[in-house]
Amino acid sequence: MGRKTKAQMLNMQARLEHLGIRIEQISKLAFNYERVDTIGTEFNQVLKDLDAQQNCNKYKWNGLPNYLPAWLIEYMLYLRGSLCGFISGGSLYILPYAQNKGINIYGMPNAVQPITFNGAMAGGNPDNFFGKELPVNNFGDANSKAKACILYDRIPVYSSNSTPIGRAVLNDELVRYQCEILGRVKNNLKNLDKKVVFWVDSEAQKNQMSNDIREAYGTDDPFIIAVRGSNWKDTKGETLQGDIANETQSLFETWQSINSIRCMCSGIANGGAFEKKERKITGELQGDQTQTEIVIDAGLQMRRLFLEQMKNIYPEYAEMLNKITVEINERTIEYEEEDTDVSTGGEDYE
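Just so you know, these numbers come straight off a predicted model, no measurement behind them.

What follows covers the overall build of the protein chain. Check the secondary structure of the protein chain and you find 11 helices and 10 strands. Counting every position in the protein chain, which comprises 350 residues, the buried fraction comes to 33%. A separation threshold of at least 6 residues defines the contact pool for the protein chain, and within that pool the share at least 24 residues apart is 65%.

Printed below as a string of structure tokens:
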């Protein structure tokens, strides 16, 4: 860069500053971005996988065609929140969709456009490239032209202009919070691991001391040999960290509470948001179970409603559809009795 160019830049900067505008302020405004926390991100993949494994194994499908595995239906529901089912060429399809032909008087879609899980059009049948009408028409009456049904993961609480939000998206913030807490546990344990500091008078002494200490700590000999008058004699070790509280227990309790909230929202058995150390009374246990079981039951009713609607609009395929059933995976709602921790002074309630 020549002197002339530098002078021009300095002159322009001086003019801007004369007007009350500083270059660094312009830079901050131009590159203003939302700060992203990175604490605990190393745990994100494993906890996301845990959330997916739990949510995709809450229901058991029986009697499905061998080309349509139950785990795939549940995984697509986990990501999308709802799917559409239809029969084409004698085969049952359950796929994502886009809303089509507006909404009826109840705010529900009149029709759906099936799309494959990878985003393309569904199949080579020309009928699949046009919107398939649903069991309820635009006026709220039964639709004799229906050729598809919507399979909801849960009761569809959403606006008329959007499809239900997938459980993966709803749980994402809770999973991130759990990752952050694990990151704080990791940092707390690191801070508790105190390092010893030895003070010396010169760089040469520092290098010699480093070698001596490494040699002393790196051997399993029960002794060390020091030269008289060396720094070992007059140097006292100090710890680098101050007094740092061990917060691991409280952090893990918080993590467990957030995990219980995530499971409760997903309809999975949990210990309740407030982790009590003593055994819970019957009313508390029933309250936690009820909140969870209502959610898992809502998902079951939506799946069974889907099967009934499919039977109604495809009576000619009754033999295939009557074989398909769905039920709750009982392991999802199994609760274990909590033991009393006598150290808390809690009583053992029946």
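We are not done yet, so read on.
With that settled, consider the pairing of strand S5 (residues 109–114). Burial within S5 is extensive, with 6 of its 6 residues counted as buried. Summarising the sheet, strand S4 (residues 97–103) and S5 pair through 5 bridges and their orientation is antiparallel. By the bridge assignment, Gln99 is partnered in S5 with Val112. Connecting S4 to the next strand, S5, in antiparallel fashion are 5 residues, including Gly107 with a positive phi near 80°. Strand direction decides the pairing type here: S5 and strand S6 (residues 132–133), joined by 2 bridges, are antiparallel. Bridge assignment links Val112 to a residue of S6, and that residue is Lys132.

With that settled, consider the packing of helix H6 (residues 172–192) against helix H9 (residues 248–266). H9 packs onto H6 with a crossing angle of 170° between their chain directions and a minimal axis gap of 10 Å. Classified by the angle their axes make, H6 and H9 are roughly antiparallel. For the pair formed by H6 and H9, the contact residues are Leu174, Val175, Tyr177, Gln178, Ile181, Leu182, Arg184, Val185, Asn188 and Leu189 on the first element and Thr248, Leu251, Phe252, Thr254, Trp255, Ile258, Asn259, Ile261 and Arg262 on the second.

What follows deals with empty space enclosed by the protein. Taken as a whole and judged by the stated rule, the model has 2 cavities of 30 Å³ or more. By volume, the largest cavity amounts to about 50 Å³. Taken together, Lys58, Tyr59, Asp153, Arg154, Arg167, Cys265, Ser266, Val295 and Gly299 make up the full set of residues lining the largest cavity. When residues of the lining of the largest cavity are traced back to their parent elements, those giving at least two are H9 and helix H10 (282–313). Here the lining of the second largest cavity gets 3 residues from one element, more than from any other, and that element is helix H4 (residues 70–80).

Time to look at unusual backbone geometry. With the exception of glycine, most residues fall at negative phi, and the peptide bonds are largely trans. Its identity is not glycine, yet Lys101 carries a phi of approximately 60°, on the positive side. Here Lys101 shows up in strand S4. Residue classification places Lys101 among the partly exposed positions, given a relative accessible area of 48%.

Turning next to the sheet that holds strand S7 (residues 149–152). The strand order across the open sheet built from 3 strands is S3-S2-S7, with neighbouring strands paired in antiparallel fashion. Strands at the two margins of the open sheet, each flanked by one partner only, are strand S3 (91–95) and S7. When strand polarity is set aside, the average angle formed by the axes of neighbouring strands in this sheet is 30°. As paired strands, strand S2 (residues 82–88) and S3 are joined by 5 bridges and run antiparallel to one another. Note on S3: the bridge partner recorded for Cys84 is Leu95.

Here we take up a nonpolar patch on the surface. Where nonpolar side chains cluster on the molecular surface, the patch consists of Trp71, Tyr75, Leu79 and Phe117 and spans about 380 Å² of accessible area. On the secondary structure map, Phe117 appears in the loop between S5 and S6. We classify Phe117 as partly exposed; its relative accessible area is 31%.

A separate point is the sheet that holds S5. The sheet built from 3 strands is open, its strands ordered S4-S5-S6 with antiparallel pairing. The open sheet terminates on both sides in strands that have one partner only, identified here as S4 and S6.

Bringing helix H3 (residues 44–55) into the picture now. Quick reminder: α-helices carry 3.6 residues per turn. Residues three or four places apart thus point the same way. Taking 1.5 Å of rise per residue, 12 residues should cover 16 Å, and H3 covers 17 Å from first to last C-alpha, within 8% of that figure. Among the structural elements, H4, helix H5 (167–170), H6 and H9 are those in contact with the buried residues of H3.

Cut-offs used in this document
- Counting of residues starts from 1 at the beginning of each chain's written sequence and follows it residue by residue.
- Where totals are concerned, whole chains, interfaces and linings use all residues; where local detail is concerned, this predicted model gives features only for residues with pLDDT of at least 70, and gives and counts side-chain atom pairs only at 80 or more.
- Calculation of side-chain values draws on the structure's entire complement of heavy atoms; hydrogens and water are dropped beforehand.
- Here a helix means four or more residues in a row that DSSP labels H or I, a strand means two or more in a row labelled E, and each is numbered from the N terminus.
- Burial classification: accessible surface area is computed with a 1.4 Å probe over protein chains only, and a residue below 20% of its type maximum counts as buried, one above 50% as exposed, and the rest as partly exposed.
- Note on contacts: a residue pair is in contact if any heavy atoms of the two residues lie within 4.5 Å.
- The pairing criterion for strands is at least two bridges between them, as found by DSSP.
- Axis geometry follows a simple rule: fit a line to the C-alpha atoms, using only the stretch in contact for helices, then measure angles between N-to-C directions, giving values from 0 to 180 degrees.
- By the definition adopted for this analysis, an angle is roughly parallel if under 35 degrees, roughly antiparallel if over 145, roughly perpendicular if from 65 to 115, and oblique otherwise.
- Buriedness of a pocket was judged along seven lines, with at least five required to meet protein on both sides within 12 Å; pockets are open sets of points on a 1 Å grid over the protein atoms alone, cavities are sets where a 1.4 Å probe fits but cannot get out, and lining residues have an atom within 4 Å of a point.
- Grid points are joined across faces, edges and corners, and a volume is the space filled by probe spheres set on the points.
- In this analysis, a patch consists of residues with relative accessible area above 30% that form no salt bridge, clustered at 9 Å for like charges and at 5 Å for the nonpolar side chains Val, Leu, Ile, Met, Phe, Trp and Tyr.
- Areas reported here follow the Shrake-Rupley algorithm with a probe of radius 1.4 Å; residue values treat only the protein chains shown as occluding.
- Only one rule defines a salt bridge in this text: a Lys or Arg side-chain nitrogen within 4 Å of an Asp or Glu carboxyl oxygen.
- Expected helix span is computed as 1.5 Å times (number of residues minus one).

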